[in-house]
Amino acid sequence: MENVKKKNGFASGIGFILAAAGSAVGLGNLWGFPFKTSANGGAAFVFVYIACVLFIGAITMIAEIYIGKRAAANTVASFRNVNKNYGWVGLVVMFIPFLITCYYSVLGGYTLKYAMNSFQGNGGILGTFSVNVGEVILYTALFLAISLLIVMGGVKGGIESASKVLMPILFLILVFIVIFCLCLGEGVSAGLNKYLNPDFYAFFHDANGNLSFNGLLAAMGQAFFSLSLGMGAMVCYGSYTGKEIKVGKSVAMICIFDTCVALLAGLAMFPAIGALLPEQLNSSGGVGLMFAVLPLVFDKMGAIGQIISFLFFAMVAIAAITSVISLVEVVTQLIVQKTKLTRKKSALIVIALAFAISVPVGMSLGKVAILETNGINLFGFDLLTFLDEATNAVLMPLGAFAACFAIGWLFGKKNSVKDWFSPKTLLNNLKEDGLDLGKFGMIFAVMVKYVTPVLVLFLDIAGIITNVTKNPNYWFIVGFALLLVGACTAFYFAFLRKGDLGNNELELLKEQQLENK
Ligand code: PHE
């Protein structure tokens, strides 16, 4: 057995960027972004979305990757490394990806089913497939099994290798489909018009013409979800990077790539709908867009439609897999480093638990898909909505806020009260610590300290108020989220504040010892 000290983490900078982009590019880009854009004023939404990516997303991503990178350890250890009393945040942001995994894999299972069924035609199958519990569970299990194999392979051998192959394939398929769809002839421009025509009135008003900030909230929520922020994924991937990675440059590339994929997805879908099913252009929102409307569009393309459908859903499945592995890795990393279990066993436990919860989620979603309301629910919410709202609308913004707060306020030496408030001191602290953002350093310091956390907190609270006013039962979702935060905090102070949490290097040593036995 060779005894050279290997680094536990990504082998190359580009490997890290592709893996992080793989985490970012997912159902959020290919499905969520297009319909949210078309429902919220087209290019007006795109414009605000890009502002959210720049002022909130990129700043938070730098903070998160850096928190992980400087600790080279699991999320609890990473946040504790910023401040002894702050490690509980790492525990909270480990539960968020776990909860997301429970519903994301059900949707991932749908995409696998649709890919495999492409040559039989997917038009109209949503109603039968989604309520066929056995089949839904089977595809969810298949989706989770693929993710399990990748995470078991470790960061370099599993996640990085998979992302390096899958991400270029995904991008090529997407570009091909966009070109194909833009050449469908008449109706393409009507589709594009529906998708991108900037309509600021629609962005700022609801269906009844009342002033509404829902567009704004949707844009911010979308930015978090799409960039995989606020839930430890970037802290975790960041922890596996070394000196070879420039944080600022990597973040720029990940954000650009993620946004391009989102825009391209709409550029494929709407022209196709406009050309082949123009009557659906106005009803192309929600779950329906990907699983009900697009299959009809592919059916109308004739024989070639089956191939396009297969390529399309295979691409979506790939995007979902490279996303879910980042979720599973966050939890696996903590278990493997904190306990005596091996990586393979830890990953298996995470996947098994997520699978157990995904079963009722899948059953609950089936009823939603066929527009029946009397499925399994919690306080009147189907389980997917419940988990999705608790994570997306409440917990993820808090997670992002916590990351910005950690870097902006808790980190580095401060010798006076003035230092505490000074972005200049923060900039120096960051530089001393090893984060050099060049000419953007000062902008980052001001943003991460003053602007981004305030925006995030404001939008989180505004979102909660909006939802609670619409439906008082929403308090249960908020309550669940806060209970989780409370439990994590208590557990951290009781058991994890002191003592060994493990780290990436020790994990490698442990695996080597096991191999040698
Ligand atoms: N970013 C992914 C998407 O756009 C979803 C995701 C969220 C993945 C959180 C990992 C973590 O679909």
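Everything numeric here is computed off the predicted structure, so don't read it as measured data. (Residues numbered from 1 in each chain as written. Predicted model: local features only at pLDDT ≥ 70, side-chain atom pairs only at ≥ 80, totals over all residues. Heavy atoms only, no water.)

Enquirer: Any chance you could explain the overall build of the chain here in plain terms?
Expert: Per the secondary structure count, the chain includes 22 helices and two strands. For 517 residues, the compact-globule formula gives about 24 Å, and the C-alpha radius of gyration of the chain, at 22 Å, lands near that figure. The proportion of buried residues among the 517 residues of the chain is 57%. Here the contacts in the chain between residues at least 6 apart in sequence split such that 80% fall between residues at least 24 apart. For the chain, the exposed surface amounts to about 20,600 Å²; the carbon and sulfur share of it is 68%. A distance of 11 Å separates the average location of the 34 positive side-chain charges in the chain from that of its 26 negative side-chain charges. (Helix = DSSP H or I, 4+ residues; strand = E, 2+ residues; numbered from the N terminus. Rg over C-alpha atoms; globule rule 2.2 N^0.38 Å. Buried < 20%, exposed > 50% of the residue type's maximum accessible area, 1.4 Å probe, protein only. Contact = heavy atoms within 4.5 Å. Areas by Shrake-Rupley, 256 points an atom, 1.4 Å probe, with all protein chains shown as cover. Lys, Arg positive; Asp, Glu negative; His and termini not counted. Charge placed at Lys NZ, Arg CZ, Asp CG, Glu CD.)

Enquirer: Could you clarify how one ought to interpret the site of the ligand in this entry?
Expert: Taken together, 14 residues sit near the ligand, with A24, G28, Y104, F225 and M231 positioned nearest. At 2.7 Å, a side-chain N or O of Y104 approaches an oxygen atom of the ligand. In this structure, a nitrogen atom belonging to the ligand sits 3.1 Å away from a main-chain N or O atom of S226. Protein contact buries 100% of the 320 Å² of open area that the ligand shows by itself. Of all the secondary structure elements, the ones that give two or more residues to the shell around the ligand are α1 (13–24), α2 (27–39), α11 (214–226) and α15 (303–338). (Near = heavy atom within 4 Å. Polar contact = N/O pair within 3.5 Å; in protein donor to acceptor, adjacent residues only side chain to side chain.)

Enquirer: So what exactly am I meant to see when it comes to the pattern of salt bridges here?
Expert: The final tally for this structure, using the stated rule, is six salt bridges. The partner of K164 in a salt bridge is E160, and the shortest N-O contact between them spans 4.0 Å. With a gap of four residues between them, K164 and E160 both fall in helix α8 (residues 155–182), about one helical turn apart. Taken together, the salt bridges that share partners define one network made up of E329, R343 and E507. (Salt bridge = Lys/Arg side-chain N within 4 Å of Asp/Glu carboxyl O.)

Enquirer: Just checking my understanding: could you explain unusual backbone geometry for this structure?
Expert: Peptide bonds are mostly trans, and most non-glycine residues show a negative phi. Notably, A72 is not glycine yet its phi reads approximately 50 degrees, a positive angle. Its identity as a non-glycine residue notwithstanding, F379 has a phi of 50 degrees, on the positive side. Here F379 lies in the loop between β1 (377–378) and β2 (381–382).

Enquirer: Please explain the nonpolar core as it appears in this structure.
Expert: Side chains of nonpolar character tend, in soluble globular proteins, to be buried together. Counting 180 residues, the largest nonpolar core has M61, I100, Y237, M290, F291, F312 and F444 as its most contacted members. The contact partners of I100, leaving out residues within four places of it in the chain, are F225, M231, L327, T391 and M396. (Core = buried A, V, L, I, M, F, W, Y, C linked by side-chain atoms within 4.5 Å.)

Enquirer: Would you take a moment to explain the environment of A141 for this structure?
Expert: You can see A141 is positioned in helix α7 (residues 133–152). With 73 residues separating them in the primary sequence, A141 and G68 have C-alpha atoms 30 Å apart.

Enquirer: I tried to follow the environment of D436 on my own but got confused; where do I start?
Expert: Along the chain, D436 falls in the loop between α19 (423–433) and α20 (441–470). What makes D436 exposed here is its relative accessible area of 55%. One polar contact links the side chain of D436 to the main-chain amide nitrogen of G438, over a distance of 3.0 Å.

Enquirer: Would you mind showing me how to read the packing of helix α5 (residues 87–116) against α15 here?
Expert: Helix packing geometry: the angle between the two helix axes and the distance between the axes. Here α5 crosses α15 at 155 degrees, and the two axes come no closer than 8 Å. Taken together, the axes of α5 and α15 lie roughly antiparallel to each other. Considering the relative orientation of α5 and α15, their crossing is left-handed. Residues of the contact of α5 with α15, tallied by class, amount to 22 nonpolar, four polar and no charged. (Axes fitted to C-alpha atoms, helices over the stretch in contact; angles between N-to-C directions. Parallel < 35°, antiparallel > 145°, perpendicular 65-115°, else oblique. Left-handed = near helix turned anticlockwise from the far one by under 90°. Nonpolar A, V, L, I, M, F, W, Y, C, P; charged D, E, K, R; others polar.)

Enquirer: Help me understand the packing of helix α3 (residues 43–71) against helix α13 (residues 247–276) in this model?
Expert: At a minimum axis separation of 9 Å, α3 and α13 run at an interaxial angle of 140 degrees. When the interaxial angle is binned, α3 and α13 end up oblique. Relative to α13, α3 is oriented so that their crossing is right-handed. Where α3 abuts α13, its residues V46, Y49, I50, V53, A58, M61, I62, I65 and K69 lie against V247, V251, I254, C255, D258, T259 and L263. Its residues placed into classes, the contact of α3 with α13 shows 13 nonpolar, one polar and two charged.

Enquirer: Is there a simple way to explain the packing of aromatic side chains in this structure?
Expert: What the rule picks out here adds up to 37 aromatic pairs. Aromatic pair Y110 and F291: ring centres 5.2 Å apart, planes at 75 degrees, arrangement edge-to-face. Highlighted residues: Y110 in helix α5 and F291 in helix α14 (residues 286–300), separated in sequence by 181 residues. Taken together, the aromatic side chains of W31, Y110, Y114, F129, Y139, F291, F298, F312 and F313 make up a single cluster linked through ring pairs. (Phe/Tyr/Trp six-rings, centres within 6.5 Å; stacked < 30°, edge-to-face > 60°.)

Enquirer: I would appreciate a short explanation of helix α16 (residues 343–369) in the present structure.
Expert: One turn of the α-helix equals 3.6 residues, which is why residues spaced by three or four share an orientation. Taking 1.5 Å per residue as the helical rise, α16 with its 27 residues ought to reach 39 Å, and the 36 Å between its terminal C-alpha atoms agrees with that figure. Most pronounced at S358, the bend in α16 amounts to some 30 degrees, and the proline P360 follows within four residues. Of the residues flanking the end of α16, it is L371, one or two places downstream, whose phi is positive at about 60 degrees. (Expected span 1.5 Å × (residues − 1). Bend = angle between axes of the 7 residues up to and from the residue.)

Enquirer: Just checking my understanding: could you explain the side chain of T60 for this structure?
Expert: Relative to the elements of secondary structure, T60 occurs in helix α3. Reaching out from T60, the side chain makes a polar contact with the backbone oxygen of I56 at a distance of 2.6 Å. Ignoring any residue separated from it by four or fewer positions in sequence, one finds T60 in contact with F224, L229, A400, C404 and T452.

Enquirer: Honestly, a nonpolar patch on the surface in this entry has me stumped. Any pointers?
Expert: On the surface, I50, L54, F55, V417, W420, F421, M442, V446, Y450, V451 and L455 cluster together to form a nonpolar patch covering roughly 940 Å² of accessible area. Of all the secondary-structure elements, those providing two or more residues to the nonpolar patch are α3, α18 (417–421) and α20. If one sorts the elements of the nonpolar patch by residue count, α20 sits on top with five residues. Tracing the sequence through the fold places V451 in helix α20. Taking relative accessible area as the criterion, V451 reaches 31% and is therefore assigned partly exposed. (Patch = residues over 30% accessible without salt bridge, like charges linked within 9 Å, V, L, I, M, F, W, Y side chains within 5 Å.)

Enquirer: Would you explain the state of the cysteines in this entry?
Expert: Here a disulfide denotes one covalent bond, and it connects the sulfur atoms of two cysteines. Enumeration according to the criterion identifies zero disulfides in this entry. C52 takes part in no disulfide bond, and the closest cysteine sulfur, belonging to C255, lies 12 Å away. For C52, a relative accessible area of 8% gives the class buried. Looking at C255, it has no disulfide partner, and the nearest cysteine sulfur is the one in C260, 11 Å off. (Disulfide = S-S within 2.5 Å.)

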